[in-house]
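# Overview (structure and organization)
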Amino acid sequence: MKIDVLTLFPEAFTPLQTSIVGRAVDSGILEINLINIRDFSKDKHKKCDDYPFGGGAGMLMTVQPVFDAVNSVYKKGAKIIFPSPVGKTLNVEKVESLSKCEHLIFVCGHYEGIDERFFQLFDVEQISIGDYVLTGGELPSMVIIDSVSRFVEGVITKESLENESFSNGLLEYPQYTRPQEFEGLKVPEVLVSGNHQEVEKWRKQQSLERTEKLRKDLLNNKK
Ligand code: 4FN
């Protein structure tokens, strides 16, 4: 999968170089290109923001640098994503469907947003990561890229994709590692019993119990 990220702050994406996404890039499964929108500004000072017509607080991203930046990477079939509170909130179904795309182009908003003509010029999908105020689309882009990458063939093993209880729409069961006792707290007996059937039963039941108690809303869209 090829991912182009158009941003005024390419340095904000260094976290993606670590961990699983970074490894997928190193192994060639993922190609992530960071493109600085500022490089495309035709303004003599490389300006990429301006005051909104009609007045009001704050600045807007101007359309010209974004238009040229998108055109420099766009190829037929690519999906242009603009992380924005305007979009529907990201969920596992959307993540899985995006992972089937060959080419994603992320455009990261900043300031108060972007000149509306950007949305008239391109077919743009707006996706939100939640309802709160942010300073830019960089973190949402990274969230979407991180979650989508996991579903790209070869990024993580099929087993770990399927093993996660969240892949069946439920919360994780409680997990323990060594030592078997810490500060007087013991690991549940069933987990050290060696009875794999009983372990499976316990985990499934814990997942259901937790989801019912903490995130009842998840049970409605369970696969
Ligand atoms: N945010 C709200 C209402 C109005 C504006 C905002 C807001 C960054 C460029 C967008 C925010 C949240 C989730 C992108 C928020 C997201 C953004 C996201 C985002 C700068 C303009 C802005 C009602 C949601 C509180 C700033 C609500 N997922 N504007 O945050 O990009 O993707």
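Notes on the structure in this doc start here. (Residues numbered from 1 in each chain as written. Predicted model: local features only at pLDDT ≥ 70, side-chain atom pairs only at ≥ 80, totals over all residues. Heavy atoms only, no water.)

With that out of the way, let us pick up the pairing of strand β7 (residues 124-128). Across the five residues that make up β7, a large majority, four, are buried. Where strand β5 (residues 79-89) lies against β7, six bridges are found, and the strand directions are parallel. Along β7, the bridge assignment pairs I81 with E125. (Buried < 20%, exposed > 50% of the residue type's maximum accessible area, 1.4 Å probe, protein only. Helix = DSSP H or I, 4+ residues; strand = E, 2+ residues; numbered from the N terminus. Pairing = 2+ DSSP bridges.)

Here the focus is the site of the ligand. Near the ligand lie 19 residues; those nearest to it are S84, I129, G130, Y132 and L134. Contact distances for the ligand include 2.9 Å between a nitrogen atom and a backbone N or O atom of I129. Here an oxygen atom of the ligand sits 3.0 Å away from a polar atom, N or O, in the main chain of L134. Notes on the ligand: free accessible area 630 Å², of which the protein chains cover 73%. Taken together, the elements giving at least two residues each to the shell around the ligand come down to β5 and β7. It is β5 that contributes the most residues to the shell around the ligand, three residues altogether. Split into classes, the residues belonging to the shell around the ligand amount to nine nonpolar, eight polar and two charged. (Near = heavy atom within 4 Å. Polar contact = N/O pair within 3.5 Å; in protein donor to acceptor, adjacent residues only side chain to side chain. Areas by Shrake-Rupley, 256 points an atom, 1.4 Å probe, with all protein chains shown as cover. Nonpolar A, V, L, I, M, F, W, Y, C, P; charged D, E, K, R; others polar.)

Right, let's get into the nonpolar core. With 26 residues, the main nonpolar core has I3, V5, L30, I32, L104 and F106 as its most contacted residues. Put simply, the parts of the chain that give this core at least two residues each are β1 (2-7), α1 (19-26), α3 (92-98), β6 (103-107) and α5 (138-149). Top contributing element to this core by residue count: α5, with four residues. Apart from residues lying up to four places away in sequence, F106 is in contact with I3, D4, V5, L6, I81, P83, S141, I144 and I145. Residues L6, C48, F82 and I114 belong to the second largest nonpolar core, which totals 20 residues. (Core = buried A, V, L, I, M, F, W, Y, C linked by side-chain atoms within 4.5 Å. Contact = heavy atoms within 4.5 Å.)

With that settled, consider unusual backbone geometry. R178 connects to P179 through a cis peptide bond whose omega is 5°. Along the chain, the position of P179 falls in the loop between α6 (158-163) and β8 (181-182). With phi around 60°, K46 is a residue other than glycine that occupies positive phi space. Here K46 shows up in the loop between β2 (31-36) and β3 (49-50). K46 gets classed as partly exposed once you look at its relative accessible area, which sits at 39%. If you check the backbone angles, E183 has positive phi at about 50° while not being a glycine. Turning to its location among the elements, E183 is positioned in the loop between β8 and β9 (185-186).

Per the counting criterion, the structure on display carries seven salt bridges. The shortest N-O distance in the salt bridge between K94 and E125 comes to 2.5 Å. Linking K94 in helix α3 with E125 in strand β7, this pair joins segments that are 31 residues apart in sequence. K201 is the salt-bridge partner of E198, the closest N and O atoms lying 3.9 Å from each other. Remark: K201 and E198 occur in helix α7 (residues 196-214); sequence separation between them is three residues, near one turn of the helix. (Salt bridge = Lys/Arg side-chain N within 4 Å of Asp/Glu carboxyl O.)

Attention now moves to α5. Between the first and last C-alpha of α5 there are 16 Å, a value that for twelve residues agrees with the 16 Å anticipated at 1.5 Å per step. Counting buried residues in α5 gives nine out of twelve residues, a clear majority hidden from the surface. When α5 is considered as a whole, its buried residues turn out to be E138, P140, S141, M142, I144, I145, S147, V148 and S149. (Expected span 1.5 Å × (residues − 1).)

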